[in-house]
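Secondary and tertiary structure notes
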2 protein chains.
Amino acid sequence: MLTAIFKDWARRAAQPVALTLGSLGLTPNMLTVIGFALSVGVAVILWLGHLSIGGFLVLVVSAFDMLDGALARATRQTTRFGAFLDSTLDRYSEAALLTGLLMFLVVQGDQLGSLLAIAALVGSFMVSYTRARAEGLGLSCEVGWLARPERIIILGLGLIFGLAVPALAVVAVLANFTAGQRVAHVWRATREQ
Amino acid sequence: MLTAIFKDWARRAAQPVALTLGSLGLTPNMLTVIGFALSVGVAVILWLGHLSIGGFLVLVVSAFDMLDGALARATRQTTRFGAFLDSTLDRYSEAALLTGLLMFLVVQGDQLGSLLAIAALVGSFMVSYTRARAEGLGLSCEVGWLARPERIIILGLGLIFGLAVPALAVVAVLANFTAGQRVAHVWRATREQ
């Protein structure tokens, strides 16, 4: 949904920052690894219960995560390994953030919140997995409502405004629904052939 | 590791059972969906704390999950959508089992166990994700120590013998290590080209 409009705007905004970091000698793959390390840091902040600050940092760090791709495109360093590493660490970053929040909820003894956090984690993974698996079978699959930018914005804003569990509920439902949309898409695409 | 030997033996054992179910009018995709529904049932049993029975059922239901592929191969009904649906619901099945066990640990207030369950869930996903993503980039990636059969056997036996948390620790470490092996594999494969 958001993805197309958001990506276009964000890519233009990210380019000068990315080029500055590149001029300091950082490569796109280094930015990918730094982005992941920052997400682990934010996950610890969430685990410790600083949810509002954590939510703000979720948005900042996730914006940082776009710089690797921006630098790679601007300097024509796009590689297959770079794309693979970026995707893999994007999954780990998102898993880290949701694990941090989940552990906070576990510590609180919030069983419903914990279940929603797991469901959000599983749904987020499945949105990415269904696309990757479809592409492995030779089909494009960039469809559905809730790609990563939307998930991160819902989670970040939810944390900032004290609505962590409702935000998890929204991501849990819509991410798994999006995975279902992708299954339906692959079903239609393969039936036509 | 186990996968090659295990798959060969299991496929031969599964074929007559699969053909019997097929002769009753069940299609491979129906078996895929039934296998997933059974996993959700086992997840609920784990959540309720019946870990030994649950562990035994994890092994039984996961064996059932091979019947879809066996029937598809034996009756030449292998399709791209069938492969996609099988992979997708295999991920959901494994997620359901680990979520059931995680929720039992959350109810118990076992924070370390909960963290290990999440790490096992994330690692298991990443083993499958890295392979699918690599295949989407045109690389084969069936490497590494801990594919699904090994994960299920460790988890099932751990549950049966009252070693649920140690089993989760083994899966958490080895699954994420396997994801790392796959990243290293893709790095080598793309560097050579």
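About the criteria used
Residues numbered from 1 in each chain as written. Chains lettered and ligands numbered in written order. Predicted model: local features only at pLDDT ≥ 70, side-chain atom pairs only at ≥ 80, totals over all residues. Helix = DSSP H or I, 4+ residues; strand = E, 2+ residues; numbered from the N terminus. Rg over C-alpha atoms; globule rule 2.2 N^0.38 Å. Buried ≥ 20, exposed ≤ 12 C-beta atoms within 10 Å, placed from the backbone. Contact = placed C-beta atoms within 7 Å. Axes fitted to C-alpha atoms, helices over the stretch in contact; angles between N-to-C directions. Parallel < 35°, antiparallel > 145°, perpendicular 65-115°, else oblique. Least-squares fit on C-alpha atoms with pLDDT ≥ 70 in both. Nonpolar A, V, L, I, M, F, W, Y, C, P; charged D, E, K, R; others polar. Core = buried A, V, L, I, M, F, W, Y, C linked by C-beta atoms within 7 Å. Expected span 1.5 Å × (residues − 1). Arc of directions from axis to C-beta. pLDDT = per-residue confidence, 0-100.

1. Here we look at the overall build of chain A
- Secondary structure summary: chain A contains eight helices and zero strands in total.
- Written out in order from the N terminus, the α and β elements of chain A read α-α-α-α-α-α-α-α.
- For 193 residues, the compact-globule estimate of 2.2 N^0.38 gives 16 Å, and chain A sits close to it at 17 Å.
- Summarising its shape, the C-alpha atoms of chain A cover approximately 50 × 50 × 25 Å along the three principal directions.
- Out of the 193 residues belonging to chain A, those deemed buried represent 52%.
- Considering only contacts in chain A between residues 6 or more positions apart, those separated by 24 or more positions represent 77%.

2. Here's the deal with the packing of helix H2 (residues 28–47) of chain A against helix H4 (residues 67–74) of chain A
Residue and element names in this part refer to chain A.
- Interhelical geometry of H2 versus H4 gives an angle of 175° and a closest axis separation of 8 Å. In terms of orientation, H2 lies roughly antiparallel with respect to H4. Residues Pro 28, Leu 31, Thr 32 and Gly 35 of H2 pack against Leu 67, Asp 68, Leu 71 and Ala 72 of H4.

3. Let's talk about the relation of the copies chain B and chain A
- When chain B is fitted onto chain A, the two copies agree to an RMSD of 0.0 Å after a turn of 180° and an axial shift of 0.0 Å. Given the turn and translation reported, the copies of this chain are related as if by a two-fold rotation axis. Considering only C-alpha atoms, the residue of chain B closest to the rotation axis is B:Gly136, which sits at 1.9 Å.

4. Here we look at the interface of chain B and chain A
- On the chain A side, the residues contacting the 37 residues of chain B number 37 residues.
- Counting only elements with at least two residues in the side of chain B that touches chain A, the list comes to helix H5 (80–108), helix H6 (111–136) and helix H8 (164–192) of chain B.
- Residues of the side of chain B that touches chain A, tallied by class, amount to 22 nonpolar, 11 polar and four charged.

5. A closer look at the environment of B:Asp110
- With respect to the helices, strands and loops of the structure, B:Asp110 is situated in the loop between H5 and H6.
- For B:Asp110, a count of 17 C-beta atoms within 10 Å gives the class partly exposed.

6. Examining the nonpolar core
- With 108 residues, the main nonpolar core has A:Ala117 and B:Ala117 as its most contacted residues.
- If you tally residues by element for this core, the top one is helix H5 (residues 80–108) of chain A, at 15 residues.
- Excluding anything up to four places from it in sequence, A:Ala117 contacts A:Leu98, A:Leu101, A:Leu102, A:Leu105 and A:Leu168.

7. Observations regarding helix H3 (residues 51–64) of chain B
Residue and element names in this part refer to chain B.
- Its 14 residues place the ends of H3 19 Å apart at the C-alpha level, agreeing with the 20 Å of an ideal helix rising 1.5 Å per residue.
- Of all the residues in H3, the buried ones are Leu 51, Gly 54, Gly 55, Leu 57, Val 58, Val 61 and Ser 62. Looking straight down H3, one finds that the buried residues subtend no more than 165° of arc, so they occupy a single side.
- Structurally, H3 contributes buried residues whose contacts are with helix H2 (28–47), H5, helix H7 (148–160) and H8.

8. Here we look at unusual backbone geometry
- Here the phi dihedral of A:Arg76 falls at roughly 50°; this positive angle occurs in a residue that is not glycine.
- Mapping A:Arg76 onto the fold places it in the loop between H4 and H5.

9. Looking at the confidence of the model for chain A
- Model confidence for chain A is summarised by a mean pLDDT of 93, while 97% of its residues fall at 70 or above.
- For chain A, the element scoring lowest by mean pLDDT is helix H1 (residues 2–23) of chain A, at 81; helix H6 (residues 111–136) of chain A scores highest, at 97.

10. Quick look at the packing of H2(A) against H5(A)
Residues and elements named next belong to chain A.
- Following both chains from N to C, one finds H2 and H5 inclined at 5°, their axes separated by 7 Å at the closest point. With respect to each other, H2 and H5 are oriented roughly parallel.
- The class makeup of the residues in the contact of H2 with H5 is 17 nonpolar, eight polar and one charged.

11. Concerning the environment of B:Val173
- As for its placement among the helices and strands, B:Val173 is situated in helix H8.
- Residues B:Val173 and B:Ile5 lie 168 residues apart in sequence; the distance between their C-alpha atoms is 23 Å.

12. Digging into helix H4 (residues 67–74) of chain B
Residue and element names in this part refer to chain B.
- Most of H4 sits inside the fold, with six of its eight residues counted as buried.
- Of all the residues in H4, the buried ones are Leu 67, Asp 68, Gly 69, Ala 70, Leu 71 and Ala 72.
- One or two residues past the end of H4 sits Arg 76, with phi positive at roughly 50°.

13. Some points on the environment of B:Leu71
All names here are of chain B.
- Among the structural elements, Leu 71 can be located in helix H4.
- Its 28 C-beta neighbours within 10 Å are what place Leu 71 among the buried residues.
- In this structure, the C-alpha to C-alpha distance between Leu 71 and Ala 172, residues 101 residues apart in sequence, is 32 Å.
- If we ignore the near neighbours within four places in the chain, the residues touching Leu 71 are Ala 18, Leu 19, Leu 21, Gly 22, Pro 28 and Leu 31.

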